[in-house]
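Structure at a glance
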Amino acid sequence: MRNVRVRMAPSPTGSPHVGLVRTALYNWAFARHHGGTFVFRIEDTDTARNTEESYTAILELMRWLGLDWDEGPEVGGPHAPYRQSERSDLYAEALDKLRASSYTYDCYCNNDEVDARRKASGSKVMGYDGFCRELTADQVAAFEGQGRKPVVRFRMPDGSVSWDDLVRGEITFETEFVPDYALCRANGEPLYTLVNPVDDALMEITHVLRGEDLLSSTPRQVALYAALIDLGITDFTPQFGHLPYVMGEGNKKLSKRDPEAHALAYRDNGFLPEGLLNYLALLGWAIAADRDVFTLAEMVEKFEIGDVNANPARFDLKKCEAINASHMRLLSVEDITHRALPFLKAAGVVGDPVHDADAQLLELAMPLVAERINKLAEAPDMLGFLFVDEESFSVDPADAEKLLDEAGKGVVKAAHDALVDLHPWSTDAIQTALQAALVDDLGPKPRVAFGPVRGAVSGRRVSPPLFESMELLGRDRSLGRLQRALG
RNA sequence: GCCCCCGUCGUCUAGCGGCCUAGGACGUCGCCCUCUCACGGCGGUAACGCCGGUUCAAAUCCGGUCGGGGGUACCA
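Structural notes, computed from the coordinates. The residue numbers shown here count from 1 along each chain, following its written sequence. Here the convention is simple: chains get letters from A, ligands get numbers from 1, in the order in which they are written. Residues qualify for local features only when their pLDDT is at least 70, as the model is predicted, and side-chain atom pairs are given and counted only at 80 or more; totals for whole chains, interfaces and linings, by contrast, use all residues. Based on all heavy atoms of the structure, the side-chain values leave hydrogens and waters out of the count.

1. Some words on the protein's contact with RNA strand B
Taken together, 61 residues lie near RNA strand B, and Lys124, Arg168, Asp292, Arg372 and Arg454 sit nearest. In RNA strand B, atoms within 4 Å of the protein come 73% from sugar and phosphate. Side-chain atoms alone can form a polar contact between residues adjacent in sequence; in general such a contact is a pair of N or O atoms within 3.5 Å, and within protein one must be able to donate a hydrogen while the other accepts it. Arg461 is positioned with one of its backbone polar atoms (N or O) 3.1 Å from a sugar or linking oxygen of RNA strand B. Every element with two or more residues in the surface near RNA strand B is listed here: β4 (151–154), β6 (169–174), β11 (313–314), α11 (317–330), α18 (446–458) and α19 (466–473). Note on terminology: near, applied to a residue and a molecule or strand, indicates that one of the residue's heavy atoms is within 4 Å of it. Put simply, DSSP marks the helices as runs of H or I at least four residues long and the strands as runs of E at least two long, and each gets a number from the N terminus on.

2. A short note on the side chain of Asn50
With respect to the helices and strands, Asn50 occurs in the loop between β2 (37–40) and α2 (52–65). A polar atom in the side chain of Asn50 sits 3.1 Å from the backbone oxygen of Asp44.

3. A word on the pattern of salt bridges
A side-chain nitrogen of Lys or Arg and a carboxyl oxygen of Asp or Glu constitute a salt bridge if their distance falls within 4 Å. Within this structure, the stated rule accounts for 31 salt bridges. Across the pair Arg118 and Asp115 runs a salt bridge whose closest N-O atoms are separated by 2.7 Å. Here Arg118 pairs with Asp115, and both are found in helix α4 (residues 111–121), just 3 residues apart, close to one helical turn. The buried label goes to any residue with under 20% of its type's maximum accessible area, the exposed label to any with over 50%, and the partly exposed label to all in between, with areas taken from a 1.4 Å probe on protein chains only. When its relative accessible area of 35% is taken as the criterion, Asp115 is described as partly exposed.

4. Describing the packing of helix α12 (residues 333–346) against helix α13 (residues 356–370)
Angles shown run from 0 to 180 degrees and are taken between the N-to-C directions of axes, each axis being a line fitted to C-alpha atoms and, for helices, limited to the stretch in contact. Closest axis-to-axis distance for the α12/α13 pair is 10 Å, and the angle between their directions is 100°. Here α12 is positioned roughly perpendicular relative to α13, judged by the angle of their axes. Contacts between α12 and α13 involve Val333, Ile336, Thr337, Ala340, Leu341 and Leu344 from the former and Leu362, Met366, Pro367 and Ala370 from the latter. Just so you know the grouping, Ala, Val, Leu, Ile, Met, Phe, Trp, Tyr, Cys and Pro go in nonpolar, Asp, Glu, Lys and Arg go in charged, and all remaining residues, Gly too, go in polar. A breakdown of the residues in the contact of α12 with α13 according to their chemical character gives 9 nonpolar, 1 polar and no charged. Working rule for angles: under 35 degrees goes down as roughly parallel, over 145 as roughly antiparallel, 65 to 115 as roughly perpendicular, anything else as oblique. The criterion used for residue contact is that any of the two residues' heavy atoms lie within 4.5 Å.

By themselves these figures say nothing about function.
This is the structure:
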C-alpha cells in the first residue's frame with residue numbers, strides 16, 4: 001500500500017467547531033496508526049467569509065489539543081504553501097488543462113435561465129441542465145457579444161459513479177442525478193469543487209476522511225479525479241470515508257449557536273485536551289466493548305477507520321465532563337497544579353509571577369483539591385480562601401445565611417474557644433479538639449457541627465477538608481475568621 | 001419533489017447468524033462511605049422503529065415501510 005497521507009482542511013470561518021476537532025482527531029489517529037503523514041491545509045478560497053481570527057484560532061486549537069501536523073502552516077513541507085489563498089497559480093494551471101480538454105465546457109447561463117428551463121421541462125433534478133454542453137461557435141460568439149463571461153463546468157459522465165466508502169461501504173450515484181457543476185466563478189476565481197480535489201491530488205492525499213455533509217459532492221470528485229488522472233495531474237484516486245455528524249440538542253447538527261459547539265471554550269472552561277479528545281473519539285468509535293477512558297497513544301494503537309460508526313452522534317456535555325473528570329484523576333497532583341496555574345493567575349488567586357510563599361502554599365494545598373475538581377477552572381473557587389488577604393476575605397452571603405444563623409454562631413464560638421489555646425496547630429489536633437468540643441459535648445451530627453466552622457473559615461459551604469485547611473491557614477488567620485463570623 | 005446517508009437503553013456505544021432472557025459508559029433513582037464537596041463501592045431503571053422474507057436459528061442477512069438527517073449553488 002502507498003504511504004498513508006491524510007489531511008485536515010478547514011475553512012477559517014467563525015469559531016472552530018467541535019465537529020472539526022473530531023474530524024481532525026480521526027484523521028490524525030488514522031495517520032499515526034498507519035505511520036503516515038498528517039497534512040494540515042487551510043481552505044480559504046472564500047474571501048468573503050474567511051477571517052484571520054478564525055485562522056489563528058484553528059492553529060491555537062490544534063496546538064492546545066496536541067494534534068501535531070507533519071505538513072502545513074508554520075511547519076511547511078514539500079507541497080507548500082498550505083493556504084489555498086497562496087496557491088492560485090496552481091489552480092489556474094489545473095483549470096487551463098481541464099478547460100483545454102473535453103472534460104469541461106464553458107457555460108454562459110445564469111440562474112434565472114436555468115430555473116426557467118427547468119420549470120418548462122418539468123425536470124425533477126434541481127441543478128444545471130447541461131444547456132451549454134454543445135454550444136456552437138456562433139452561440140459562443142453571441143454570448144460573448146452580450147458581454148457574458150463563462151463559468152467552467154465539469155461534464156459529468158453518463159452512467160453511474162461509485163466508490164467503496166471507508167465507513168459506509170459501497171455507495172453509488174446515477175450521474176443523471178448529479179448535474180454538471182462549476183469549477184470556477186465567471187470572474188475566474190476557483191471554487192471548492194476544483195480547489196479541494198486538485199489540492200488533494202497535488203498533495204498526494206491517499207485517504208479523504210471528512211464529514212458526512214460532503215458525501216453528495218463525492219461523485220463529482222470521483223468523476224473529476226478520472227479527468228485529473230487522464231490529464232496527468234495525478235495518478236490515483238484517494239479512498240473516501242464519510243464521518244457521521246456531531247449533533248446537538250434535538251435532531252439538528254450542532255450549530256455555531258450552541259455553546260457546546262465552540263472548541264476553544266473547552267480550554268477556557270478548564271477541560272483537559274485529553275479529556276475532550278477522548279470524549280470526541282467516542283462519538284462514532286469505541287476502543288473496546290467495556291472501556292470509555294483511554295489515552296491518545298492507546299487510540300493511535302487501536303484506531304481503525306473501518307470501525308467507525310456511520311450514524312450521527314449527539315453531543316452530551318455531561319458525559320464529556322465525566323470523561324474529562326476521569327482524565328483529571330489520571331494526572332499527578334504536580335501536573336494538575338501546573339495546568340491549573342493559568343486559571344489561578346487569571347482569577348487573581350496567585351500573582352503572576354507566583355510569589356515563593358504562594359508557590360509553597362499551593363504545593364501543600366493542591367493535594368487537597370486535585371481529586372475533588374473535575375475541571376481546571378474549578379481550582380480558583382476551591383483555593384481562593386487560602387490565598388486571600390484577611391481584609392478582602394468574606395463569606396459567601398448565601399452560604400452565610402444558611403450556616404451562620406444563631407445556632408451556627410454558637411458552634412463557631414465553641415470552636416473558637418476550643419482552639420484558642422491549642423498546641424500544636426496541626427490537622428490532627430484541630431480535629432480532636434473540634435470533635436470533642438462540638439460533637440461530643442454539644443451533641444449534633446458532625447455535618448451539622450462542622451458546617452458553620454467551614455463557612456466561617458473557608459467562606460463557602462463547599463471547601464477542601466476543613467481541618468487540613470485550617471492547618472494551612474494557620475492559627476491566627478483561622479481564629480481571626482472565626483472571631484469575625486461572630487461579629 | 002428528486003438523490004444520498006442513517007435507524008440497539010434518555011445519550012454515546014458493544015454486537016458483525018447460535019456465546020444476547022442484548023454487555024459497558026454517561027445520566028437518572030436508591031443505598032453505603034463521609035467534616036462539606038468530590039472520589040469510591042453496591043444495587044435498580046431503561047433499547048434491537050415496524051412488517052415481511054431467508055435460515056434449524058436474526059439485533060445481526062435481504063426486501064419493503066415508517067422515521068430522522070443531508071444534498072439539490074458561480075458556499076464549503
